[in-house]
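# Structural features, examined
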Amino acid sequence: MWKERNVPEQTVARFEQVVLPHMDAAYNLARWLTRNDHDAEDLVQESYLRAFKFFGSFQGANARGWLLTIVRNTCYTWFRENRPQELTTSFDENIHSTEADPFDPEKLLLQSESGQLIKQAMEELPLEFREVLTLRELEGLSYKEIAVIAGIPLGTVMSRLARARSRLKQCLTKLVNKEC
């Protein structure tokens with residue numbers, strides 16, 4: 001396909017070396033934003049096509065951040081066209097600790113149950129909260145990186161994270177109380 005478009009092999013090789021390693025992070029962000037595996041796959045594919053198209057303008061500083069910005073923008077464009085209503089608006093270390101026996105069946109069951117609860121609670125959050133929580137807690141990005149990717153001020157990142165964590169806690173509490 002690239003040969004048909006006269007794309008130099010060095011460009012393809014550099015793109016594969018620099019951008020492809022971040023596919024899991026791209027999918028992770030798209031999945032949490034869309035809450036749908038198939039939509040996320042389609043949006044990541046579209047994002048990679050856009051990334052390749054504009055790869056010549058990439059300055060080489062932070063490929064992961066650059067790609068996640070493209071994924072985010074692709075998702076938001078898709079939301080505007082397909083789900084306009086979507087655009088409206090910390091974890092317990094004892095549970096997630098790996099110090100104890102990792103093959104303890106009771107602990108494995110509790111972790112899988114709490115993981116399901118967290119996933120369910122995350123999916124109930126508004127888009128802007130899922131976005132910042134995914135970038136910070138799941139992808140480990142700094143507040144500054146999140147601000148650049150989301151195109152929002154640093155203070156907004158901090159306040160959204162605080163509100164997102166509070167809302168996640170509320171959702172988890174409700175889910176746990178329903179389960180009990």
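Keep in mind the model is a prediction, meaning the values are calculated, not measured.

Once that is clear, we can look at the overall build of the protein chain. Scanning the protein chain from N- to C-terminus turns up nine helices and zero strands. Each helix (α) and strand (β) of the protein chain, taken in turn from the N terminus, gives the series α-α-α-α-α-α-α-α-α. Relative to its 180 residues, the protein chain shows a buried fraction of 38%. Only carbon and sulfur atoms are counted for the fraction: they give 51% of the accessible area of the protein chain, which is about 11,100 Å².

Counted at 1.5 Å a residue, the expected span for helix α2 (residues 23-34) with its twelve residues is 16 Å, and the 16 Å between its end C-alpha atoms agrees. Among the twelve residues of α2, nine are classified as buried, and the element is accordingly described as predominantly covered. Those residues of α2 not exposed but buried are A25, A26, N28, L29, A30, R31, W32, L33 and T34. Just downstream of α2 lies R35, where phi reads positive at about 65°.

Our next topic: the packing of α2 against helix α7 (residues 127-138). Look at α2 against α7: their axes get within 9 Å of each other, and the N-to-C directions meet at 150°. It follows from the interaxial angle that α2 and α7 lie roughly antiparallel. Judged by the sense of rotation from one axis to the other, the crossing of α2 with α7 is right-handed. For the pair formed by α2 and α7, the contact residues are N28, L29, W32 and L33 on the first element and L127, R130, E131, T134, L135 and L138 on the second. In terms of residue class, the contact of α2 with α7 is built from six nonpolar, two polar and two charged.

So, about the packing of helix α1 (residues 9-18) against helix α3 (residues 37-53). Across the interface, α1 lies against α3 with an axial gap of 11 Å and an inter-helix angle of 130°. Considering the angle they form, α1 stands oblique to α3. Between α1 and α3 the crossing geometry is right-handed. Contact residues: T11, V12 and F15 in α1; Y48, A51 and F52 in α3. Tallied by class, residues from the contact of α1 with α3 come to five nonpolar, one polar and no charged.

Scanning all chains against the criterion turns up eight aromatic pairs. The interplanar angle of 15° and the centroid separation of 5.9 Å between the aromatic rings of F55 and F58 together place this pair among those described as stacked. Connected via pairs of aromatic rings, a cluster forms that spans F15, Y48, F52, F55, F58 and W66. Over the ring of W32 we find R31, and its NZ or CZ is 6.0 Å from the ring centre.

Turning next to the side chain of T34. Tracing the sequence through the fold places T34 in helix α2. Within polar-contact distance, the side chain of T34 engages the backbone oxygen of A30 at 2.8 Å. With near-sequence residues (within four places) excluded, T34 lies in contact with D39, A40, L43, C75, W78, F79 and R83.

Procedures and definitions
- Residues numbered from 1 in each chain as written.
- Predicted model: local features only at pLDDT ≥ 70, side-chain atom pairs only at ≥ 80, totals over all residues.
- Heavy atoms only, no water.
- Helix = DSSP H or I, 4+ residues; strand = E, 2+ residues; numbered from the N terminus.
- Buried < 20%, exposed > 50% of the residue type's maximum accessible area, 1.4 Å probe, protein only.
- Areas by Shrake-Rupley, 256 points an atom, 1.4 Å probe, with all protein chains shown as cover.
- Expected span 1.5 Å × (residues − 1).
- Axes fitted to C-alpha atoms, helices over the stretch in contact; angles between N-to-C directions.
- Parallel < 35°, antiparallel > 145°, perpendicular 65-115°, else oblique.
- Left-handed = near helix turned anticlockwise from the far one by under 90°.
- Contact = heavy atoms within 4.5 Å.
- Nonpolar A, V, L, I, M, F, W, Y, C, P; charged D, E, K, R; others polar.
- Phe/Tyr/Trp six-rings, centres within 6.5 Å; stacked < 30°, edge-to-face > 60°.
- Lys NZ or Arg CZ within 6 Å of the ring centre and 35° of its normal.
- Polar contact = N/O pair within 3.5 Å; in protein donor to acceptor, adjacent residues only side chain to side chain.

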